[in-house]
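Next come the chains, spelled out residue by residue.
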Amino acid sequence: MYGNIWALTVFAIKALLSGRWPDIGKVISDVNRLRKIFPAKAVKIKPSGSVVISDAGSEMAVAIKEGVISIYGIITLKNCVILLRDMTLNMEKIGQKILSDGSLWIENTLFIGNIGSLSNLNIVSGGIVQGDVSNVSMVYIRDGRYNGTIGKIEKWLHISNPRAIVKGTIGRVGEALYLDAGELITDTLPYVEGGYVVIKDGKILRTDATPWPWEAIINNISPLKEDHEIFLFGTGGNVLLGGAATHVLCKEGTDPYSRYKTENIIASNRFYRLIDGKITEVTLKSAANQQIESQANKFYTFVRLEIVIKA
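Below: a short report on this structure. (Residues numbered from 1 in each chain as written. Predicted model: local features only at pLDDT ≥ 70, side-chain atom pairs only at ≥ 80, totals over all residues. Heavy atoms only, no water.)

1. Some thoughts on the pattern of salt bridges
For step 1, the next point in the chain: A full pass over the atoms with the stated rule returns 8 salt bridges.
For step 2, the next point in the chain: The closest approach of N and O atoms between Arg-304 and Asp-227, which form a salt bridge, is 2.7 Å. Here the residue Arg-304 occupies a position in strand E23 (residues 300-309), and Asp-227 occupies one in the loop between helix H3 (214-219) and strand E18 (228-229), the gap between them amounting to 77 residues.
For step 3, the next point in the chain: In this structure Asp-227 comes out as partly exposed when scored by relative accessible area, which is 24%.
For step 4, the next point in the chain: A salt bridge links Lys-251 to Glu-229; the nearest nitrogen and oxygen atoms lie 3.8 Å apart. Of this pair, Lys-251 sits in strand E20 (residues 247-253) while Glu-229 sits in strand E18; the two residues are 22 residues apart in sequence, bridging distant segments of the chain.
For step 5, the next point in the chain: Note on Lys-251: relative accessible area 41%, which makes it partly exposed.
For step 6, the next point in the chain: Residues participating in the shared-partner salt-bridge network are Lys-152, Arg-172 and Glu-193. (Salt bridge = Lys/Arg side-chain N within 4 Å of Asp/Glu carboxyl O. Helix = DSSP H or I, 4+ residues; strand = E, 2+ residues; numbered from the N terminus. Buried < 20%, exposed > 50% of the residue type's maximum accessible area, 1.4 Å probe, protein only.)

Printed below as a string of structure tokens:
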């Protein structure tokens, strides 16, 4: 209590020194509203205003305006229940160089509510998110569940665990779907703008539990652009490719062992595309022309691969 009074006093003094009239009532109102959503111990009054403290101990600045809660930075919600009701959550970047900036981690937590935008949504360790997301850069699900509608995923959706489930509608995916395991359950397939989908042990199902045929999935994959970079890892995957392009690019390290890894990935995954209305297995092989305009650096380079029908 005394800590909050002191923080309010410092907040008021700083506001007056900067020529602003301190809105102490707004700070108190914000804190009271946040404590109805987040665990009380996670919400504090600081000299800068109200903050939310993640389970990892990080202090995140908060702004509340017209039914939108904006948290600046990265926050982990762990071992709790979050109910937003009529509010919308936004995770905002505070920088441009940190990959995790603007991220939300849900660990062993039930989160019910809508999210406007954020960089990364990560659901792990039994986490559950139920609600709609307008726009997100990346979604990662490991031993967790998501139920709702996602307007657009700018980069990729990665489902990595047999206990991971995504149920609902995804409008567009900017890069790729990676289904290592788990299930994507939907009545409407997402449109994959990046030109490829990777399916290992994962499943894409309708809500009646019947699998979507690969022909339908590939028909919702955008044609590949010539020399489009694709990102592959691991073995045992089925890579569904969009049409059009005859060559793709893969990034590899500059050490000699990286070329072996590239060849192993190509040999240990199977590639398919729709040709004359039929699913046809293709393969990738090193192209004769390796003059590539894409920028590389001292740590990695690009290899051009030709897409050919498998003999």
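Back to the text.
2. Things to note about helix H4 (residues 256-268)
For step 1, the next point in the chain: Look at H4: 19 Å from first C-alpha to last across 13 residues, which is about the 18 Å you get at 1.5 Å a residue.
For step 2, the next point in the chain: Within H4, burial applies to Ser-258, Thr-262 and Ile-266. Down the axis of H4, the smallest arc covering the buried residues is 80 degrees, so these residues share one side. Among the exposed residues of H4, those pointing more than 90 degrees away from its buried face are Pro-256, Tyr-257 and Ala-267.
For step 3, the next point in the chain: Against the buried residues of H4 lie E20, strand E21 (270-275), strand E22 (278-286) and E23. (Expected span 1.5 Å × (residues − 1). Arc of directions from axis to C-beta. Contact = heavy atoms within 4.5 Å.)

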